[in-house]
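Letter by letter, the chains look like this.
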Amino acid sequence: MSGFVVKGWCPDAYRPMAAGDGLLVRVRPRLARLTREQTIGLCAAAIAYGSGEIDVTQRANLQLRGVTDAGWRSLLERLVALDLIDADADRQARANILVAPDWLDGDDTHRLANELLARLDDLPVLPGKFGFVIDAGTAPVLLGDPGDLRIERSAAGALMLRADGRATGVPLEPGAEIATLIALAHWFVTSGGTAAGRMARHTAALPAWASGDARPAAAAPRGPVTPLPFGRIHANTLARYLTAHAVRTVRVTPWRALIFEGIAPGTPPLFPADEAAIRADACVGAPACPQASVATRALAQRLAPHVAGTLHVSGCAKGCARAQPADVVLVGRDGRFDLVRHGRAGDSPVRTGLHPDTIPDHIFAEPGAV
Ligand code: SF4
């Protein structure tokens, strides 16, 4: 597996990506929920076959870092035994489904996500990063999270289907929700969407049955979550927390945060809420990512207490850690940083080639500073 780099694919357990610290093995728990036993088993596997570091990704996956080439296949067997990945690699690749993490047994999100999982074989072959969003609670919670075909609650209170990149969608017939979503996935392929790769980039006019003026309802406030510094936790820390407190299940969110179910009120939080790393976004940077020429997280941690707005430190212009704009964005390039204000990592910088030691002078002393 050495040097195996997957590009244009969403890496998963069967198609790990090589990083500077070893293989990244991504686990997509069914409906983004793990039992206590699954979580403890995952932690043990992360330590046995990797570095023990676990990332929570923007698709609500758990990414085991530092997995060795020699341990990868044994890790797969452990994950299958824990029922955390499908034994079939193709089915695993198709199960790219983001669910509203606050679903309840029997509600629409739970029902529709299970139906889609049961019908994965009915989907066409889709581009590697193509994903689905099932956000069917009383109001959407995933409007800011990426996904190509989305089932959401509409402003009128019905369920609707919306293609990413379009502001509106169509109301869905009760009972036909997943069949309609699958039909639109087939339309995407037959209308040439594979070349575009993502629905938002596929500019063909939608078929009449998938075009409408239904709008998603206003976003619901997020329920309580446990944010992780830079979206990362060590398996030992997670396993210890589960052991010390009566955590029944763990839910994975796309917000660099977990939800622990079953803990008693007043249980101490896993991390202090004011920890700087919780408020800043920073990708893994160098040396773990081969695209990075700069270290990112130590700088973000140093700057975050002094930045009143949002801060994003990115190892390169790809901006993996944050898709939304931030007030201050530092983007690594050739061992230095470019400064973007109120934008994304790929936007035009207002300053270039900054040494980390001089960055505070630029972000605090200039017009527009936050
Ligand atoms: S933003 Fe660039 S440096 Fe950071 S993780 Fe993504 S590819 Fe690597």
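Residues numbered from 1 in each chain as written. Predicted model: local features only at pLDDT ≥ 70, side-chain atom pairs only at ≥ 80, totals over all residues. Heavy atoms only, no water.

### As for helix α4 (residues 108–118)
The periodicity of an α-helix, 3.6 residues per turn, causes residues three or four places apart in sequence to face the same way.
(1) Moving on: Along α4, the residues classified as buried are T109, H110, L112, A113, L116 and L117.
(2) Moving on: Looking at the packing, one finds that the buried side of α4 touches α3 (89–94), β6 (97–99), β7 (132–135), β8 (149–153), β9 (159–163) and α5 (177–190).
(3) Moving on: The residue sitting at the N-terminus of α4 and contributing the capping side-chain oxygen is D107; that oxygen lies 3.2 Å from the backbone nitrogen of T109. (Buried < 20%, exposed > 50% of the residue type's maximum accessible area, 1.4 Å probe, protein only. Helix = DSSP H or I, 4+ residues; strand = E, 2+ residues; numbered from the N terminus. Contact = heavy atoms within 4.5 Å. Polar contact = N/O pair within 3.5 Å; in protein donor to acceptor, adjacent residues only side chain to side chain.)

### A look at unusual backbone geometry
(1) Moving on: A cis amide bond links A286 with the next residue in sequence, P287, at an omega value of 0°.
(2) Moving on: Inspection of the secondary structure assignment puts P287 in the loop between β15 (280–282) and α9 (297–303).
(3) Moving on: Of note, D83 is a non-glycine position whose phi angle comes to about 60°, a positive value.
(4) Moving on: Within the secondary structure, D83 is located in the loop between α2 (72–81) and α3.
(5) Moving on: Phi is positive for H342, which is not a glycine, with a value near 50°.
(6) Moving on: Given a relative accessible area of 48%, H342 falls into the partly exposed group.

### Re the packing of aromatic side chains
(1) Moving on: Within this structure, the stated rule accounts for three aromatic pairs.
(2) Moving on: Geometrically, the ring pair formed by F130 and F132 is edge-to-face, given 5.7 Å between the ring centres and 70° between the ring planes. Just as F130 is buried, F132 falls in that class too.
(3) Moving on: A ring pair is formed by Y241 and F260, whose centres lie 5.1 Å apart and whose planes are at 45°; its orientation type is tilted. With a gap of 19 residues between them, Y241 in helix α7 (residues 235–244) and F260 in strand β14 (residues 257–261) connect regions that are remote in the sequence. (Phe/Tyr/Trp six-rings, centres within 6.5 Å; stacked < 30°, edge-to-face > 60°.)

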